[in-house]
Amino acid sequence: MAISTAAIGKTYEPSVYAVGREKVREYAVAVGEDNPLHIDVEAARAAGYRDVVAPPMFCVVYCGVALGPAMFDPEVGIDFPKLLHSAQEFRWGPLVVAGDEIETTMTVKDISARGAMGFYTFESVSKNHDGDTVCVGTWSNIVRGA
């Protein structure tokens, strides 16, 4: 399987995601998160937050907007019918709360081949409107060979 490594190091235009209260609540309910900080604005405020707090894995929502252009970039060359998601890793910083604007930049960290498989690794860096890094993600995928 011939894969191109030309896109390694390529960084894409940042995306901005406005975190909404109802989106945080909907996400919390969808994943079974019942902590009042994620659902009840009064509980969140009583705990010192200005609004509901996004569960940590809400990062897949605001990062997803930035991941698309990298994954679908013809220069990266992913053959989607053969794609397997292999791993995700995250490092979190300050909590994300409703009302934040999160800017995420995506970079192609590595592309390699082993046997008939291609390995694609992307890194996302997400910052809030204060410039604090709220999440760094590593997104790994495998593309099966012919």
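Structure: above.
Residues numbered from 1 in each chain as written. Predicted model: local features only at pLDDT ≥ 70, side-chain atom pairs only at ≥ 80, totals over all residues. Heavy atoms only, no water.

Draft legend 1. How the structure looks around the overall build of the protein chain. Counting its regular elements, the protein chain contains 3 helices and 5 strands. For the protein chain, the sequential pattern of α-helices and β-strands runs β-α-α-α-β-β-β-β. Along the first, second and third principal axes, the C-alpha atoms of the protein chain reach 55 × 30 × 20 Å. When the 146 residues of the protein chain are sorted by exposure, 38% land in the buried category. Long-range contacts, defined as pairs at least 24 residues apart, comprise 69% of the intrachain contacts of the protein chain with a sequence gap of at least 6. Surface summary for the protein chain: the accessible area is close to 7500 Å², and the carbon and sulfur share equals 54%. (Helix = DSSP H or I, 4+ residues; strand = E, 2+ residues; numbered from the N terminus. Buried < 20%, exposed > 50% of the residue type's maximum accessible area, 1.4 Å probe, protein only. Contact = heavy atoms within 4.5 Å. Areas by Shrake-Rupley, 256 points an atom, 1.4 Å probe, with all protein chains shown as cover.)

Draft legend 2. The packing of aromatic side chains, seen in detail. In the structure shown here, the tally under the stated rule is 6 aromatic pairs. Centroid distance Y27 to F58: 5.5 Å. Interplanar angle 90°. Geometry classified as edge-to-face. A residue pair is termed long-range when its members are at least 10 positions apart, and Y27 in helix α1 (residues 21-30) and F58 in the loop between α2 (41-46) and α3 (59-71) qualify at 31 residues. As far as the burial class goes, Y27 and F58 line up, both buried. Joined through ring pairs, the aromatic side chains of Y17, Y27, F58 and Y62 make up one cluster. (Phe/Tyr/Trp six-rings, centres within 6.5 Å; stacked < 30°, edge-to-face > 60°.)

Draft legend 3. Spotlight on the environment of G118. For G118, the location among the structural elements is in strand β4 (residues 117-127). The spatial distance from the C-alpha of G118 to the C-alpha of G9 is 17 Å, given a sequence separation of 109 residues.

Draft legend 4. Structural detail: α3. The terminal C-alpha atoms of α3, which comprises 13 residues, lie 17 Å apart, in line with the 18 Å expected from a rise of 1.5 Å per residue. The largest bend in α3 is about 40°, located at V65, with the proline P69 one to four residues further on. At its buried positions, α3 is contacted by β1 (15-18), β2 (83-92), β3 (101-114), β4 and β5 (133-143). (Expected span 1.5 Å × (residues − 1). Bend = angle between axes of the 7 residues up to and from the residue.)

Draft legend 5. Structural view of the pairing of β5. With 9 of its 11 residues buried, β5 lies for the most part within the structure. For β2 and β5, the ladder comprises 9 bridges, and the chain directions are antiparallel. Considered in β5, the bridge of R91 is made with V136. Inspection of the sheet shows β4 paired to β5 by 10 bridges, in the antiparallel sense. What sits directly across from G118, in β5, is V143. With antiparallel pairing between neighbouring strands as the criterion, β4 and β5 make up a hairpin whose turn holds 5 residues, including G131 at a positive phi of roughly 90°. (Pairing = 2+ DSSP bridges.)

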